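Results of the structural survey
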Amino acid sequence: MPDTATAPEIKPTEILASTQREVQTPTFAGTETEAQKKLREAHEKAGKIRELQSQHPEDLKKQLVEVTEVGSFSEQDLESTKSLLSSEQAKTAAEGITPLIKYLEAARKARINRSEVATELGANADEILKKTAELLITRGNLLEKFSDLKDAFEGNDNALRGHVEDLIARDPRFQNELVKELKRIRDEAHENLRSDPQAEELERTKTEKGDVEELQDQQTEIIKTQLEARSVPADRIDAILKTINTGDAGFAISRTVDSIIDASGIQNVSYLDAYRQDASAVRTAETERTQLEQQLNQARRGKQNPQTAELIKSLDDQILRKGSAIDDLKQKQGDRKNNYESTFNVDDAGFEAQLQSLDEARAMLNPENSLNRAIQYATSNGQRLKELTRQVSTLESNTELTQRVAQRENDREKLSSALENAVGTAIGRFLEKKYDDYVSSQNVLIRASEKEAEKKGEKWLAESTKKLKEAMDKWGKFNPKTRKMELDRGNIGKSIRELAANSATGEDGSRKNVAKIVNFELDPEKAREQIAIDIKGEGTTFDSLTDIEKANAEALLKKRTADFEKLYSEHGVSYKERLTAAFFEARRAHDINFLGKNLGELSLTGDEWKILDSQFGLLIEQKLQSSKDGQKVMQDLRERGIVPDKKLKWLLWILLTLGVGAAGFVAAPAAAAAIGAVKSAGSAF
Amino acid sequence: MDSNGQITEELKNKVYNKIMDVMLTSLENGTLTAEESEDASYFILEMIDSLPSKNHLDAFLEELSERWECFKPLLQPQHEEELKASDEQNIQNIKEEINQLT
């Protein structure tokens, strides 16, 4: 009897009544635990289905479809997730995920409309189909995100790669897995990076400090480059930069001018300054003399009287004295220039060049000068940097806060990485679940055969069918506790090597494998001996039997051979297919290189591969021929003159075996139409 | 089920009904999570319409309950349930008769 201790009691007569009862979603005080969350989600889901059930009590299949619908992950969801990331991380995440989200949304729209879909399509058919096709094309390379599969496509098989991507992308279950993965990432991110004002303040300050540091680095580089161009030595540049960092712009500028002057090769600046002062004094004296001359001219033009005459005389004297002073100043200036030229051995042009260099160096004292502005800006940044460094240091003195911020940064990195790997993770989970369902469907077939044999009283056939199932279960069995299919790599490797060894002579290796499992001798002579043992026990030979026993043994052998043929015809291909599916799943699930080497228990030698290819070549061709998807893919490849290599044929075969790409129960007319349009468009890339 | 062991539409609907009821009750009492119900639904939907015989249906229910324990009650043979319902009806009839006598 089944264990019903925890299982709900079934009351079929109450089904309708139960669908109409009010469902109340449980609520929990405080932070929800994982178990509580699962219960709430389950309850909400049940509520939605019951609501649907009350609206369409007859359409049970719709309700099961509803259970599979996980909703959508919108661009708004992505925005809210991106807001938790740094700008660079967010940019990377958006580039990879945005086209996929648009594609998922279009696929979902085509999928969930169901009965309303015809009306919907009637109004917006062109738009929906166009959008879906465009998005499928722009969705990017799905497999780029999945290194295991990516490696399998190196080479010139991009056309097949497109088909494989298409098979995966349009499978509603993959779409659901991707939505679930994105939601999981979003929820985890919002949970880990929930509002923490203190941590956010430290993050903001650190971010600003980082930005200012970056600016300061750029500004420092500009100043350094300009000073190097003026041949300022490295130690002087360092000294100037240190002055900038102290925050004293005036001092930094004056040091810069001095350094540039020194670097320009200007000799005896004070002497040149004195020369400039002489020139300035000459100019001042000449201006004063001109003013005196103007006054004299005015006095001479005016009414003449004794006072005027006295003024004219005084002005004449002053002009004469001024002229004499100017001559002295010019003489002094000329002497100074001559002295300079003879002292420093330069000619007139060289002297003028020295003066010009000095003027240029001093031009940067002008606040509008670009170097002056750069130094002022860097000084101001330096002050801000000091302030921010102080603030960060104060905040970071709180160890617990620092740890929280470090954890948040770590969570951000994980979030960014998870978003980048979301597609690969979803493909992995999707293939895992397809494999689990594939094994279960094979189990159903073999269990049914066992039941049929039992009911017909075919004891040997029933037992042999059971043995075959048990042998296949050894490759991997679903563990209801962990909710996972647990693959046994050792047993899978052992069986596949046996298959290769049994195929070496060109015979059907899987037939030998199955015969060994059910203890059936394929060799007629040995089979007779085995029957003799079965009849009379160990040590019995066929020749030792009586005539009647021999006749019975022959009849039994005939029956057993027929039973074995029935068993093998019903489950032989399944055995081979399931073994290889297990082989690929075990490799996919555990190894970096999907079809690579270094696989330990699952590694095959080159010869073993050849043997398996010779064994499976026909099986693969049959699978490709019997599948609509397979036919279309192969036809398209043929038309392009592409012959896919063996590894890729195997990959396509495994996807078709697992039923990947089959639109299945969710293929509403709109989805089918959309997929058709998408496929036509898809074949162009 | 017809006389050849084929699954009738009526039986299929009945199984659908029971599966839905178990699933919803299990979702509500927490013995099945939303994610598990999704996985189970994919399997059910992909299998149930392609089951050719009663043996396959039984095998399917066995596999279903091995993967998701909440479906174990579905393994109770159909006729047992019918017998139980019949017994309950008989008891009810007898009770009514006794009541009429008293």
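Look above for the structure.
Just so we're clear, the structure is a prediction, and the values are computed from it rather than from any experiment.

**Details of the interface of chain B and chain A**
- Listed as interface residues are 49 residues of chain B and, on the opposing side, 52 residues of chain A.
- Between chain B and chain A the total buried area reaches about 4,800 Å² when both faces are included, carbon and sulfur atoms providing 61% of it.
- Three residues stand out in chain B for area buried against chain A, namely E28, Y42 and R67 of chain B, and they jointly supply 16% of the buried area on that side.
- Linking chain B with chain A are 13 salt bridges, by the criterion used here.

**Points about the packing of aromatic side chains**
- Counted by the stated rule, this structure contains twelve aromatic pairs over all chains.
- Members of the aromatic cluster, connected to one another through ring pairs, are Y271, Y275, Y340, F344 and F351 of chain A.
- When the ring centre of Y271 of chain A is taken as reference, the NZ or CZ atom of R336 of chain A above it lies at 5.6 Å.
- A cation sits over an aromatic face here: R67 of chain B above F43 of chain B, 5.5 Å from the ring centre.

**Observations concerning the nonpolar core**
- Counting 75 residues, the largest nonpolar core has L178 and L182 of chain A as its most contacted members.
- For this core, the element with the highest residue contribution is helix α17 (residues 399–455) of chain A, accounting for 14 residues.
- Ignoring any residue separated from it by four or fewer positions in sequence, one finds L182 of chain A in contact with F73, I97, I101, L104, L419 and A422 of chain A.
- By size, the runner-up hydrophobic cluster in this structure holds 36 residues, among which are I7, V22, M23 and L24 of chain B.

**Observations regarding helix α3 (residues 54–67) of chain B**
- For α3 of chain B, with 14 residues, the first-to-last C-alpha span of 20 Å sits near the 20 Å given by 1.5 Å per residue.
- Of all 14 residues making up α3 of chain B, ten are buried, and the element is well covered by its neighbours.
- In this fold, the buried residues of α3 of chain B make contact with α17 and β1 (476–479) of chain A together with α1 (9–29) and α2 (34–48) of chain B.
- Its side-chain oxygen 3.3 Å from the backbone nitrogen of N55 of chain B, S53 of chain B forms the N-cap of α3 of chain B.

**What to know about a negative patch on the surface**
- On the surface, D211, E214, D217, E221 and E228 of chain A cluster together into a patch of negative charge.
- Inspection of the secondary structure puts D217 of chain A in helix α10 (residues 197–229).

So, how was this worked out
- Residues numbered from 1 in each chain as written.
- Chains lettered and ligands numbered in written order.
- Predicted model: local features only at pLDDT ≥ 70, side-chain atom pairs only at ≥ 80, totals over all residues.
- Heavy atoms only, no water.
- Contact = heavy atoms within 4.5 Å.
- Buried area = accessible area lost by both parts, 1.4 Å probe.
- Salt bridge = Lys/Arg side-chain N within 4 Å of Asp/Glu carboxyl O.
- Phe/Tyr/Trp six-rings, centres within 6.5 Å; stacked < 30°, edge-to-face > 60°.
- Lys NZ or Arg CZ within 6 Å of the ring centre and 35° of its normal.
- Core = buried A, V, L, I, M, F, W, Y, C linked by side-chain atoms within 4.5 Å.
- Buried < 20%, exposed > 50% of the residue type's maximum accessible area, 1.4 Å probe, protein only.
- Helix = DSSP H or I, 4+ residues; strand = E, 2+ residues; numbered from the N terminus.
- Expected span 1.5 Å × (residues − 1).
- Polar contact = N/O pair within 3.5 Å; in protein donor to acceptor, adjacent residues only side chain to side chain.
- Patch = residues over 30% accessible without salt bridge, like charges linked within 9 Å, V, L, I, M, F, W, Y side chains within 5 Å.
- Areas by Shrake-Rupley, 256 points an atom, 1.4 Å probe, with all protein chains shown as cover.
- Lys, Arg positive; Asp, Glu negative; His and termini not counted.
- Charge placed at Lys NZ, Arg CZ, Asp CG, Glu CD.

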